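Next come the chains, spelled out residue by residue.
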Amino acid sequence: MDPQAKKTVLRKIPHGVYVVGVAQDGVLNAFTATWLTQVSFTPALVALCVRKDSHSFAMVQASRVFSVNLLGKQQKLLAEHFVKPAAAAGEKLKGVPHRPGKTGAPILEEAMAHFECEVREIANIHGDHALVIGEVIDAGVQRDEPALTLMDTGWHYGG
Ligand SMILES: Cc1cc2nc3c(=O)[nH]c(=O)nc-3n(C[C@H](O)[C@H](O)[C@H](O)COP(=O)(O)O)c2cc1C
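Conventions used here
- Residues numbered from 1 in each chain as written.
- Predicted model: local features only at pLDDT ≥ 70, side-chain atom pairs only at ≥ 80, totals over all residues.
- Heavy atoms only, no water.
- Salt bridge = Lys/Arg side-chain N within 4 Å of Asp/Glu carboxyl O.
- Helix = DSSP H or I, 4+ residues; strand = E, 2+ residues; numbered from the N terminus.
- Buried < 20%, exposed > 50% of the residue type's maximum accessible area, 1.4 Å probe, protein only.
- Near = heavy atom within 4 Å.
- Polar contact = N/O pair within 3.5 Å; in protein donor to acceptor, adjacent residues only side chain to side chain.
- Areas by Shrake-Rupley, 256 points an atom, 1.4 Å probe, with all protein chains shown as cover.
- 1 Å grid on protein atoms, 1.4 Å probe; cavity = no way out; pocket = protein on both sides within 12 Å on 5 of 7 lines; lining within 4 Å.
- Sits in = over half its atoms within 2 Å of the grid points.
- Nonpolar A, V, L, I, M, F, W, Y, C, P; charged D, E, K, R; others polar.
- Points joined across faces, edges and corners; volume = space filled by probe spheres on them.

Draft legend 1. Focus on the pattern of salt bridges. One pass over the structure, following the stated rule, counts seven salt bridges. For Lys 73, the salt bridge is made with Asp 152, and the minimal N-O distance between the two is 2.7 Å. Of this pair, Lys 73 sits in the loop between strand E5 (65-70) and helix H3 (76-81) while Asp 152 sits in helix H5 (residues 150-153), placing them 79 residues apart in sequence. Take Lys 73: its relative accessible area is 34%, and that puts it in the partly exposed class. Of the charged contacts, one joins Lys 102 and Asp 138 as a salt bridge, the two residues approaching to 3.8 Å between their closest N and O atoms. Placement of the pair is Lys 102 in the loop between strand E6 (98-100) and strand E7 (106-108) and Asp 138 in strand E9 (residues 129-141), with a sequence separation of 36 residues. Looking at Lys 102, the relative accessible area reads 65%, which means it is exposed. What you see here is one network of salt bridges that share partners, running through Glu 118, Arg 120 and Glu 135.

Draft legend 2. Representation of the site of the ligand in the model. Among the 22 residues in the neighbourhood of the ligand, the closest are listed as Cys 49, Arg 51, Ser 56, Val 83 and Ala 86. Contact between the ligand and His 55: an oxygen atom at 3.1 Å from a main-chain N or O atom of the residue. Summarising the interface, the protein chains cover 92% of the accessible area of the ligand, which totals 640 Å² for the free molecule. Mapping the ligand onto the cavity grids shows that it belongs to the largest pocket. Every element with two or more residues in the shell around the ligand is listed here: strand E2 (27-33), strand E4 (45-51) and helix H2 (55-63). With four residues, the single largest contributor to the shell around the ligand is E2. When grouped by side-chain class, the residues that make up the shell around the ligand number 12 nonpolar, seven polar and three charged.

Draft legend 3. How the structure looks around the layout of surface pockets. Taken as a whole, the largest pocket encloses approximately 540 Å³ of empty space. Along its surface, the largest pocket is lined by 26 residues, and Phe 31, Thr 32, Arg 51, Val 83 and Tyr 157 are the ones closest to its centre. If you list the elements that add at least two residues to the lining of the largest pocket, you get E2, E4, H2 and helix H4 (86-89). Of the residues contributing to the lining of the largest pocket, the split by class is 14 nonpolar, eight polar and four charged. Empty space within the second largest pocket amounts to approximately 270 Å³. Lining the second largest pocket we find 13 residues, and of these Arg 11, Lys 12, Ile 13, Met 151 and His 156 sit closest to its centre. It is helix H1 (residues 3-11) that contributes the most residues to the lining of the second largest pocket, three residues altogether. Split into classes, the residues belonging to the lining of the second largest pocket amount to five nonpolar, five polar and three charged.

What follows is the structure in structure tokens.
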């Protein structure tokens, strides 16, 4: 295999940019994610890939819930804020208006839309990211506008 071709083509897969919220025993965290897709209509399931060495993965494993905040095209700065690991940045949600959702996971007041999930399955023992499959149990739309995509940001995550 040509490693450069592999990298180039994997980076061409179109993705959205989200802020995923997690909550465990009253402690909240959030991180920027792009590897997310719907995987079932009934029940409504989404698959989210979560770095196994992230702070958030340990929290998702323990609490089995997460929220997904969708951002508008102009909200790259908000996504940038949540790229930093909690281990280095501390409380990333401090100063970012939010409220607990049904699951307790944080909903960003500035997000254009959101949904919340209960984890049904965690897989991918071989990868550096775990495949977390969640059932959508609540959703809300704050504004109807085009969503921020990875291409809008000029960033890469993949390859
Ligand atoms: C553009 C971009 C996309 C990302 N997508 C994901 C993703 O889909 N899943 C993931 O686990 N981490 C993703 N990350 C990395 C996390 O945002 C990063 O590891 C974060 O520091 C984790 O935070 P935590 O340790 O506080 O949980 C992405 C980073 C960037 C810059």
